[in-house]
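# Summary of the model geometry
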Amino acid sequence: MSYKNIKTISNPKLKLEVLTQDEVKKIHEATLQIIEKVGVRFPSKRALEIWEANGAEVDHEKKIVRVKPHIIEDAIKKAPPAYKLAARDPQQDLQLDGNHVNLGTDGCGVEVIDINTGEKRTSCLQDVRDIARIADATEEVAFHWVAVSAQDTPVEARGLHELKAVWENSTKHVQTESVYNVEEAKAAIEMAALIVGGRDKLRERPVLSLMQCTAPPLGHDGGSLDAALLAAEVGIPTGFMTMAACATTGPTTMAGNLAVGNAEVIAGTALLQLAYPGAPVFYAAAQTASDLKTGAYTGGGPEDFLFGAATNILADFYNIPLSMGSFATGAKEPNWQAGLEGSLSTFMASVVMSDMLLGCGFLHGSRIWSFAEMMMDCEIFSIVHKMMEGIVVNDETLAMESIANVGPGGHYLGQKHTRKHMRELFMPKFMDRRPYSEWETKKDDARDWAITKARKTLKEHQPDVLDENISKEMERIIKSVEK
Amino acid sequence: MSEEMYKQMAQCIIDGDSDIAIELAKKSIELKMHPLETITKGFVIGVNYIGDQFGLGEAFLPELVMAGEAMKAAVAVLEPELLKLGEAREMLGRVVLATVEGDIHEIGKTLVGTMLSASGFEVVDLGVDQPADKIIGKALEINANLIGMSALLTTTMVRQREVIEELDKEGLRPRIKVMVGGAPITRDWVTKIKADGYSEDAIGAVKVAKDLVGKGDQ
Ligand code: B12
């Protein structure tokens, strides 16, 4: 299936087995044992009541829940294995069916490298608009995360200003991680309902989805849980993301870290299914290793890449879609490290067909947005996209006729077969393949071309506008939340 | 005899072994060794060694954290003895540390706490999601000279300002100094909210804290 102005990976030829079925089972059993014996913290009155009503052992004082394996397993089975993320433009609806890898932007950045001046500064609402608009035009980006924080808007309704800004500048699906309390979640749902013409239509056309972090080790955040329950009630796809990091918020060893993160996500997901059986949910993860010298969340390095590949195997085991953190880097500017970490994390998460990849555009451990980085990340995604097609072997691709035509010696430049297939070769936008002398006179590189492309896109691209009345109604909803 | 004990004490801190640290501390009391000397000639040597190794990139955070915990365990055993003698270990300052209300990011704050304790500060770590009144209340209760606040969300960093405004309203600064940190915290923000200090990492936090309590040379 192909989408309007969206490039997704599908029907892959490459495969990778990072975990055997036996190993997955071991992690699953460890997970159930953790949930039953150690417990998971659910600091939400509503969540604890749901658990209690469903036969879990609840420690109200510590807010820790211990649950028998069969309750968890039965609940998870109720989750739909496939569904769609709707978009304002139905031609951009995304299938989460295990056969599509959809790239999103990263989210919640706090600083931006200004698109014009190149200076680093605090992020604002206009950045949210600009990024959404560029993402709308960029085929590699299939959906949005709210890329940066609109820090010039009031704290209590910030997440809503951001959502409105994205919807006004793009027709693609929006997923937010900036809505993590009941008040904002309620308003966000109302806003989404405006687009599809009613709350009852959201289940059929969820133009919004929610991502909530778990609180590793083995906990959740109260506001996030309550927001997730609200979303699940109306059929808005919701996922819990674990960021358990080796040696700080999770065990140092990767298997143990996977088990801890899995326990958080699976327990949270089970809660949503117990409350609203059949609610669309997804597994989300961005596990990594901590830096042993600073404790920093690295978001890169070999452990990170392996987690990227391992997690979809777990999500497949539970038969729910996965949203996987990729493209994270500790690099301070678009450089060798950023390219390396972006490439390997994205390759590993794609080769196992993670349904959603998050996301392009960030530097400095998910803090600084760079438009150049966004464009170059998109090129990396395109390369991985091409690689995933693998090598097609058939009569046409074996090219026997032109091999005979050319014979020993000569060249293939004049062959019809070449002309027919040449556009299948990957044409990079940002790779330097010029003569040395040309580079020598200009001394420019990918970063210059990428920022030029971003500027041009921002200047030229006109997204389909959102109905003015809807905008006004959204404004009213936002006002009602502001103090 | 005591030389040998001191060596073992330093070693158990280096090994991050709280059980042995407690055992040795108890033994030193039985042997009527002076508690302050036990600390300075024994356990502290281990902490300093790990600190140096960490600075050199030879030791890592988990070793530092465990050394800190073993040290704490030993001191807890010796503290009552010190009090009996009417002596107290000289601390660089008293710090109340917390992640602000609405924010559950924990690791950065905890590391700052670990480094501050390891460097000779008395630290009360209130944990995450802490409202202004709790933070200020605790600071007054223990007569703290420093409040450290962590915030990792753009929506919660405003709480740092609230605490500072409250302190100013009560006329509690400069008696209590305030330092802040966390992912969205920039120098601009620090100036804007009139915080006394800021650091991007835990090592830097120690230096800032020392400066703020007037012990920058230690
Ligand atoms: C790990 C992580 C989490 C973990 C935290 C686990 C835990 N138990 O602590 C979890 C998964 C819980 C989490 C949750 C969320 N997170 Co988070 N998280 C991070 C991440 C990746 C790393 C933070 C970290 O642990 N770093 C490692 C430590 C060692 O570093 P540090 O915290 O910065 O601390 C150092 C310095 O800052 C300084 N310091 C810190 N505190 C202090 C205090 C003083 C006094 C001083 C002097 C110095 C100092 O010294 C420390 C040691 O070196 C950051 C991104 C980033 N790179 O910072 C996002 C990030 C902070 N999170 C973010 C978000 C949005 C969230 C959520 C809202 C997502 C959601 N929808 O659920 C929730 C928050 C829920 C809540 N109410 O708090 C955003 C915030 C930006 C924004 N726009 O507001 C960030 C920037 C990532 C992103 N772009 O999405 N998160």
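Residues numbered from 1 in each chain as written. Chains lettered and ligands numbered in written order. Predicted model: local features only at pLDDT ≥ 70, side-chain atom pairs only at ≥ 80, totals over all residues. Heavy atoms only, no water.

Looking only at helices and strands, chain B has 9 helices and 5 strands in total. Helices (α) and strands (β) of chain B occur, in sequence order from the N terminus, as α-α-α-α-β-α-β-α-β-α-β-α-β-α. The C-alpha atoms of chain B give 18 Å as radius of gyration, which agrees with the globular expectation for 218 residues (17 Å, within 12%). Summarising its shape, the C-alpha atoms of chain B cover approximately 55 × 40 × 30 Å along the three principal directions. Burial status across chain B gives 46% buried among its 218 residues. Considering only contacts within chain B whose residues lie at least 6 apart along the sequence, 71% involve residues at least 24 apart. If you sum the accessible surface of chain B, you get close to 10700 Å²; carbon and sulfur atoms cover 52% of it. When the 24 basic and 35 acidic side-chain charges of chain B are each reduced to a single mean position, those positions are 5 Å apart. (Helix = DSSP H or I, 4+ residues; strand = E, 2+ residues; numbered from the N terminus. Rg over C-alpha atoms; globule rule 2.2 N^0.38 Å. Buried < 20%, exposed > 50% of the residue type's maximum accessible area, 1.4 Å probe, protein only. Contact = heavy atoms within 4.5 Å. Areas by Shrake-Rupley, 256 points an atom, 1.4 Å probe, with all protein chains shown as cover. Lys, Arg positive; Asp, Glu negative; His and termini not counted. Charge placed at Lys NZ, Arg CZ, Asp CG, Glu CD.)

Right, let's talk about helix α8 (residues 254-275) of chain A for a bit. Here α8(A) spans 32 Å end to end across 22 residues, near enough to the 32 Å set by a 1.5 Å rise per residue. Most of α8(A) is tucked away: 18 of the 22 residues are buried. (Expected span 1.5 Å × (residues − 1).)

We now examine the domain arrangement of chain B. Residue and element names in this part refer to chain B. Assigned domains within chain B: domain 1 (2-84) and domain 2 (93-212). Computed from C-alpha coordinates alone, the two centres of domain 1 and domain 2 are separated by 28 Å. Counting residues at the interface gives 5 residues for domain 1, matched by 5 residues for domain 2. Together, the buried faces of domain 1 and domain 2 total about 440 Å²; carbon and sulfur atoms form 89% of this surface. Of all residues in domain 1, Leu61, Leu64 and Val65 give up the largest surface area on contact with domain 2, accounting jointly for 57% of the area buried on that side. Our enumeration of links across domain 1 and domain 2 arrives at 0 salt bridges. Counting the contacts that link domain 1 with domain 2 gives 0 residue pairs in polar contact (both at pLDDT 80 or more). Sorting the residues of the side of domain 1 that touches domain 2 by element identifies α3 (35-55) and α4 (61-84) as the ones contributing at least two each. Counting residues per element, the side of domain 1 that touches domain 2 draws most heavily on α4, which supplies 3 residues. (Domains from an automatic or database assignment. Buried area = accessible area lost by both parts, 1.4 Å probe. Salt bridge = Lys/Arg side-chain N within 4 Å of Asp/Glu carboxyl O. Polar contact = N/O pair within 3.5 Å; in protein donor to acceptor, adjacent residues only side chain to side chain.)

Looking at chain A, the domain boundaries give domain 1 (76-389 + 469-479) and domain 2 (395-424). Here the C-alpha centre of domain 2 of chain A lies 44 Å away from the C-alpha centre of domain 1 of chain A.

All names here are of chain A. Summed over the entire model, instances satisfying the criterion amount to 5 aromatic pairs over all chains. Geometrically, the ring pair formed by phenylalanine 362 and tryptophan 369 is edge-to-face, given 5.8 Å between the ring centres and 80 degrees between the ring planes. Each member of the pair, phenylalanine 362 as well as tryptophan 369, is classed as buried. Seen in terms of ring centroids, tryptophan 369 and phenylalanine 371 are 6.1 Å apart; in terms of plane orientation they differ by 85 degrees. Their pairing is edge-to-face. (Phe/Tyr/Trp six-rings, centres within 6.5 Å; stacked < 30°, edge-to-face > 60°.)

On to the interface of chain A and chain B. At the interface, 18 residues of chain A touch 17 residues of chain B. Interface area, chain A with chain B, both sides summed: about 1400 Å², of which 69% is carbon and sulfur. Where chain A packs against chain B, one counts 0 salt bridges. Where chain A packs against chain B, one counts 4 residue pairs in polar contact (both at pLDDT 80 or more). Looking at the side of chain A that touches chain B residue by residue, the classes come out as 5 nonpolar, 7 polar and 6 charged. (Nonpolar A, V, L, I, M, F, W, Y, C, P; charged D, E, K, R; others polar.)

All right, on to the side chain of Lys109(B) then. With respect to the secondary-structure elements, Lys109(B) resides in helix α5 (residues 107-118). Setting aside chain neighbours within four positions, we find Lys109(B) in contact with Leu97(B), Ala98(B), Thr99(B), Asp125(B), Gly127(B), Val128(B) and Ser150(B).

Residues and elements named next belong to chain B. An ideal rise of 1.5 Å per residue puts 18 Å on 13 residues; helix α1 (residues 2-14) measures up with 18 Å between its terminal C-alpha atoms. Residues of α1 that are buried make contact with α2 (18-30), α3 and α4. Immediately beyond the C-terminal end of α1, within one or two residues, lies glycine 16, with a positive phi of roughly 65 degrees.

Attention now moves to the sheet that holds strand β10 (residues 173-176) of chain A. Residue and element names in this part refer to chain A. The parallel closed barrel is built from 8 strands, whose spatial order is β6-β9-β10-β11-β12-β14-β16-β17. For this sheet, the mean angle separating the axes of adjacent strands, direction not counted, is 30 degrees. With 3 bridges joining them, β10 and strand β11 (residues 208-213) adopt parallel strand pairing. Bridging from a neighbouring strand, valine 174 pairs with leucine 208 of β11. Packing against the sheet, helix α5 (residues 158-169) makes contact with β9 (141-145), β10 and β11, and its axis sits at approximately 165 degrees to β10. Helix α9 (residues 302-318) rests against β14 (281-285) and β16 (322-325) of the sheet, and its axis sits at about 170 degrees to β16. (Pairing = 2+ DSSP bridges. Axes fitted to C-alpha atoms, helices over the stretch in contact; angles between N-to-C directions.)

A few words on the coordination of the cobalt atom of the ligand. Four donors placed tetrahedrally about a metal ideally form angles of 109.5 degrees, and six donors placed octahedrally ideally form angles of 90 or 180 degrees. In this structure, the cobalt atom of the ligand receives exactly one donor atom from the protein: His105(B) (NE2), at 2.3 Å. Assignment of secondary structure puts His105(B) in the loop between β1 (93-99) and α5. (Donors = N, O, S within 2.8 Å, 3.2 Å for Na, K, Ca; no water.)

A few words now on the packing of helix α2 (residues 45-53) of chain A against α8(A). Residue and element names in this part refer to chain A. Between α2 and α8, the least distance of the axes is 10 Å, while the angle of their chain directions is 75 degrees. On the basis of their axis angle, the class for α2 and α8 is roughly perpendicular. Note on element contacts: α8 touches α2 through Ala267, Ala270, Leu271, Leu274 and Ala275, opposite Ala47, Ile50 and Trp51. In terms of residue class, the contact of α2 with α8 is built from 8 nonpolar, no polar and no charged. (Parallel < 35°, antiparallel > 145°, perpendicular 65-115°, else oblique.)

Every one of the 50 residues lining the ligand counts as a neighbour, but Glu177(A), Gly365(A), Ser366(A), His105(B) and Glu106(B) are closest to it. The residues that come close to the ligand belong to more than one chain, namely chains A and B. Gly107(A) is positioned with one of its backbone polar atoms (N or O) 2.9 Å from a nitrogen atom of the ligand. Within the side chain of Ser150(B), an N or O atom sits 2.8 Å from a nitrogen atom of the ligand. Residue assignment for the shell around the ligand shows that the elements contributing at least two residues are β11 of chain A together with α5, β3 (146-150), β4 (177-181) and α9 (202-212) of chain B. Residues that form the shell around the ligand fall into these classes: 23 nonpolar, 20 polar and 7 charged. (Near = heavy atom within 4 Å.)

Right, let's get into the pattern of salt bridges. All names here are of chain A. In this structure the tally under the stated criterion is 35 salt bridges over all chains. Measuring nitrogen to oxygen at the nearest pair gives 4.0 Å for the salt bridge that ties lysine 37 to glutamate 36. For lysine 37, a relative accessible area of 54% puts it in the exposed group. Measuring nitrogen to oxygen at the nearest pair gives 2.8 Å for the salt bridge that ties arginine 121 to aspartate 127. Residue class for arginine 121 comes out partly exposed when judged on its relative accessible area of 26%. Residues participating in the shared-partner salt-bridge network are Lys164, Glu168, Glu475 and Lys479.

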